[in-house]
Amino acid sequence: MGETKKTQRDVSDVCRFLKGVGPARAEHLRRLGIETVDDLLTHFPRKYYDRRNLTKIGDVKVGDESSFTGQILSVAKRSIRGRRSMVTAAIADDTGVVQVVWFNQPYLAKILRPGSELIVTGELSYYRGARQIVNPEFEVLEKTLDQELLHTGRIVPVYPLTRGLSQRFLRELIARTLDAYAGTVYENLPDSLIKSASVVSRVDALLGVHFPLDRTEYERAVNRLKIEELFYLQLAFSLHRLQRSDRPARRKLAIEYGLWNRFLASLPFELTGAQQRVLSDIRSDLESDQGMHRLLQGDVGSGKTVVAGMAMLAAVEAGKQAALMVPTEILAGQHASTLSEFFEPLGVPVTFLIGSLKAGEKRRIHGDIANGSARIVVGTHALIQEGVEFNDLGVVVVDEQHRFGVRQRAALLGKGQSPHMLVMTATPIPRTLALTAYADLDLSVIDEMPKGRAPVKTGVVPPDRRDAMIAFIREQVAGGFQAYFLYPLIDDTEKQDVEAAVSAYEELSNGALSDIPVGMLHGRMSYAEKDAAMTAFCNGETRVLVATTVVEVGVHVPQATIMVIHHPERFGLSQIHQLRGRVGRGGQEGYCFLLVNEGVPQSARERLDVLVRVSDGFEIAEADLRIRGPGEFFGVRQHGVPALKIANPAIDRQAVEVARRHVKNLLDTAPRLEGRDAAPCRRYLSDIGVDLTSHTIG
Ligand code: ADP
Ligand code: MG
């Protein structure tokens with residue numbers, strides 16, 4: 001699926017519905033991600049106020065939000081200290097009078113006329129002994145009978161906003177747009193789904209989610225919209241998958257398993273049952289006509305590397321090359337040395353390619369890759385640069401796949417003729433989400449840890465326990481163990497985080513740990529510097545390593561038993577789980593300390609408690625998904641994939657299931673979305689800019 005080319009009406013077209021709305025507002029809308037009418041109509045409320053019940057003015061109570069109608073008795077405008085303006089109005093019904101005040105909306109003095117009727121929603125308060133309502137929402141009641149209230153006297157939507165936009169503006173804009181466009185909103189789900197899942201029509205759902213008349217209408221609308229989103233998400237992925245099967249078949253590998261078996265015999269440990277299961281999945285992929293297109297999920301430390309190594313070895317055995325792409329140079333270095341240890345005794349060379357090698361060396365390696373003497377190549381993005389030409393690439397492996405985009409995966413695949421592909425992730429994607437987001441890959445899971453690996457003991461450390469923690473760390477270091485102090489990367493510029501890590505390094509190495517060799521590793525160092533720092537830590541020359549997230553992905557230091565994480569509240573639970581997976585890998589007990597500052601709210605600490613209680617990565621990922629939602633979970637929106645604005649696969653399991661079943665039904669009968677039932681899908685996909693004819697993603 002290709003570039004998004006929005007074919008729909010631009011949102012600036014509808015801004016003209018409202019008086020005084022110019023290009024500036026359209027710009028604000030764009031900041032909310034609203035570019036088209038459809039974007040606007042799917043900008044869903046984040047909550048609602050129930051303002052259906054009207055109160056008599058005499059019954060309005062201090063501190064409660066209430067809605068009432070009344071007649072304007074008088075209106076006055078004045079300015080306060082020359083800058084702020086204040087419009088006051090007295091409003092009465094047959095039970096009493098109340099004073100209403102609006103600040104900084106001087107134009108209201110023109111709109112509000114004594115004698116006209118208002119409906120008002122606001123909170124009554126006391127100010128210098130007088131009862132008044134400050135900045136209430138209101139509408140002037142027209143004499144017409146069928147006036148539709150938007151802001152008061154009904155269930156009122158509350159939207160996510162950005163600076164420069166008001167609730168009132170957005171509510172009115174959406175209401176007007178719905179009025180004007182309801183007739184053009186067409187059904188985008190297949191008839192068969194609508195009937196059998198008995199969901200409301202798209203237009204009713206949009207009306208019902210923005211301006212529901214009651215709870216039932218709201219629930220029906222939301223249910224339908226969730227199913228719709230999940231349907232399109234899964235459809236998009238299934239289409240990727242189908243397009244894949246349209247391509248020339250992958251070449252089956254003719255594998256003798258001589259090297260493979262010799263390698264197995266040489267391993268110092270026995271594979272876990274889960275590893276063996278995954279290996280048999282991989283073998284049957286490699287020997288099948290469809291080939292391998294597999295996502296391998298396994299918690300940190302579950303032993304993915306050896307599995308990936310064996311997939312690559314199979315390629316070598318079939319006379320082909322294999323490549324492993326990882327996101328950082330440090331990690332590439334680690335994998336290269338692990339794989340060399342594995343394979344060089346078998347006479348299979350391992351080649352290492354990263355961007356920071358010298359030009360001459362790179363050229364030499366490019367030559368080896370091109371002439372086929374490089375059999376197994378491990379590297380970073382350097383693998384997908386121009387100038388890298390494989391002689392015959394049979395298997396590609398992508399590690400820590402969430403760090404790479406779909407395009408980078410595709411670029412690596414493009415270095416061979418439909419090579420087999422294995423992507424690996426330690427982010428344990430909850431089953432529900434894996435079903436949707438990775439429908440284009442077959443899934444294998446390593447759900448078993450190597451024997452003797454105990455969960456990392458985790459604790460939340462408040463400031464007054466910090467000294468005790470340091471004392472514990474000193475003991476561990478005296479016992480021969482090592483510790484990470486992590487200042488994970490927070491902003492894109494890295495600058496502040498690096499500064500924080502550097503000053504922590506200075507503080508520790510001159511203070512509490514002055515008698516212990518402390519190392520430093522951060523993103524602004526050169527590869528040579530990073531490599532030196534990592535090597536020093538690996539072989540125990542430094543015992544404590546202060547670092548930014550570079551160690552997050554995959555680094556293996558058996559003697560490291562302690563992970564101290566600063567600002568843990570800023571991170572996803574899964575991310576922290578990965579970080580703590582770096583310690584206690586040598587068979588000893590591992591410890592993870594989540595250092596929280598004074599100001600961290602209780603709710604954030606409670607969230608971190610999940611890590612204290614739970615050691616299963618999948619359960620943690622589920623909790624993460626529940627708390628933060630799918631958008632955050634993925635970090636970045638994936639290209640060419642419909643967004644989830646209202647559905648959360650971790651929670652909306654039933655909707656996931658309904659959508660999944662119907663995507664399957666549809667594609668079973670109309671794999672190219674041909675025919676009547678699929679017609680709405682064709683139209684909608686083309687409207688949201690999903691190009692059904694363009695290239696595949698591998
Ligand atoms: P990850 O899945 O996080 O990439 P690794 O592949 O780095 O994990 O494996 C972590 C450690 O566990 C490595 O030292 C590896 O040699 C070891 N290991 C892998 N499989 C087993 C096993 N079946 N039994 C014992 N140790 C194993
Ligand atoms: Mg790994």
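The sections below set out a description of the structure shown in this document. These figures come from a predicted structure and were not determined experimentally.

Considering the overall build of the protein chain
On a plain count of helices and strands, the protein chain comes out with 23 helices and 21 strands. Taking all 698 residues of the protein chain together, the buried fraction comes to 53%. Residue pairs at least 24 apart in sequence account for 74% of intrachain contacts in the protein chain once pairs closer than 6 positions are excluded. Accessible area of the protein chain: about 31100 Å², with a carbon and sulfur share of 49%.

Some words on the nonpolar core
Ranked by internal contacts, the top residues of the largest apolar core, which has 101 residues, are F343 and Y484. Looking at which element gives the most residues to this core, the answer is helix 11 (residues 304-317), with 10 residues. Among all residues touching F343, those that are not within four sequence positions of it are F263, G309, L313, V348, V350 and I376. Membership of the second largest hydrophobic core comes to 29 residues, among which are A26, L150, V209 and V222.

Notes on the site of ligand 1
Lining the immediate surroundings of ligand 1 are 16 residues, of which E270, Q275, G301, K304 and T305 lie closest. The contact in question runs from an oxygen atom of ligand 1 to an N or O atom on the backbone of S302, over 3.5 Å. Residue T305 places a side-chain N or O atom 2.7 Å away from an oxygen atom belonging to ligand 1. In isolation ligand 1 has 560 Å² of accessible area, and contact with the protein removes 82% of it. For the shell around ligand 1, the class distribution of residues is 4 nonpolar, 7 polar and 5 charged.

Examining the pairing of strand 20 (residues 560-566)
When you tally the buried positions in strand 20, you get 7 out of 7 residues, the bulk of the element. For strand 17 (residues 482-486) and strand 20, the ladder comprises 5 bridges, and the chain directions are parallel. When the sheet's bridge partners are listed, L486 is paired in strand 20 with I565. Pairing geometry for strand 20 and strand 21 (residues 591-595), over 5 bridges, is parallel. Across the sheet, residue I562 finds its bridge partner in strand 21, namely Y591. Following the chain from strand 20 across helix 19 (residues 573-580) to the adjacent parallel strand 21, one finds a crossover that is right-handed.

What about the packing of aromatic side chains?
Following the criterion strictly, the structure yields 11 aromatic pairs and no others. Both rings, one in Y48 and one in Y218, keep their centres 5.1 Å apart while their planes meet at 75°; by these two values the pair is edge-to-face. In this pair, Y48 is assigned in strand 1 (residues 47-50) and Y218 in helix 8 (residues 215-246), connecting sequence segments 170 residues apart. Relative to Y232, the ring of F231 has its centre 5.3 Å away and its plane inclined at 80°; by these criteria the two rings are edge-to-face. Each of the two residues, F231 as well as Y232, counts as buried. Note that R84 overlies the ring of F103, its terminal NZ or CZ placed 5.0 Å from the centroid. Sitting over the face of the ring of Y186, R683 holds its NZ or CZ atom 3.6 Å from the ring centroid.

Focus: the pattern of salt bridges
Taken as a whole and judged by the stated rule, the model has 25 salt bridges. Put simply, K252 and D289 hold a salt bridge, and the shortest N to O gap is 3.3 Å. One end of the pair, K252, is in the loop between helix 8 and helix 9 (258-266); the other, D289, is in the loop between helix 10 (273-286) and strand 9 (293-298), and 37 residues separate them in sequence. Residue classification places K252 among the partly exposed positions, given a relative accessible area of 48%. Across the pair R294 and D285 runs a salt bridge whose closest N-O atoms are separated by 2.6 Å. One exposure class covers both R294 and D285, and it is buried. Connected through shared salt-bridge partners, D38, E187, R202, R224 and E228 make up one network.

Comments concerning the sheet that holds strand 9
Reading across the sheet, the 7 strands line up as 11-12-10-13-14-9-15 and stay open at both edges, with parallel pairing between neighbours. A single partner strand is all that each edge strand has here, and the edge strands are strand 11 (350-353) and strand 15 (442-446). When strand polarity is set aside, the average angle formed by the axes of neighbouring strands in this sheet is 20°. Where strand 9 and strand 14 (residues 420-425) come together, 5 bridges link them in parallel fashion. Directly across from L296, in strand 14, lies its bridge partner M424. Each of strand 10 (321-325), strand 11 and strand 12 (376-379) touches helix 13 (residues 359-371); the most contacted strand, strand 11, lies at about 135° to it.

Calculation rules
- Residues numbered from 1 in each chain as written.
- Chains lettered and ligands numbered in written order.
- Predicted model: local features only at pLDDT ≥ 70, side-chain atom pairs only at ≥ 80, totals over all residues.
- Heavy atoms only, no water.
- Helix = DSSP H or I, 4+ residues; strand = E, 2+ residues; numbered from the N terminus.
- Buried < 20%, exposed > 50% of the residue type's maximum accessible area, 1.4 Å probe, protein only.
- Contact = heavy atoms within 4.5 Å.
- Areas by Shrake-Rupley, 256 points an atom, 1.4 Å probe, with all protein chains shown as cover.
- Core = buried A, V, L, I, M, F, W, Y, C linked by side-chain atoms within 4.5 Å.
- Near = heavy atom within 4 Å.
- Polar contact = N/O pair within 3.5 Å; in protein donor to acceptor, adjacent residues only side chain to side chain.
- Nonpolar A, V, L, I, M, F, W, Y, C, P; charged D, E, K, R; others polar.
- Pairing = 2+ DSSP bridges.
- Right-handed = clockwise from strand over helix to strand, strands pointing away.
- Phe/Tyr/Trp six-rings, centres within 6.5 Å; stacked < 30°, edge-to-face > 60°.
- Lys NZ or Arg CZ within 6 Å of the ring centre and 35° of its normal.
- Salt bridge = Lys/Arg side-chain N within 4 Å of Asp/Glu carboxyl O.
- Axes fitted to C-alpha atoms, helices over the stretch in contact; angles between N-to-C directions.

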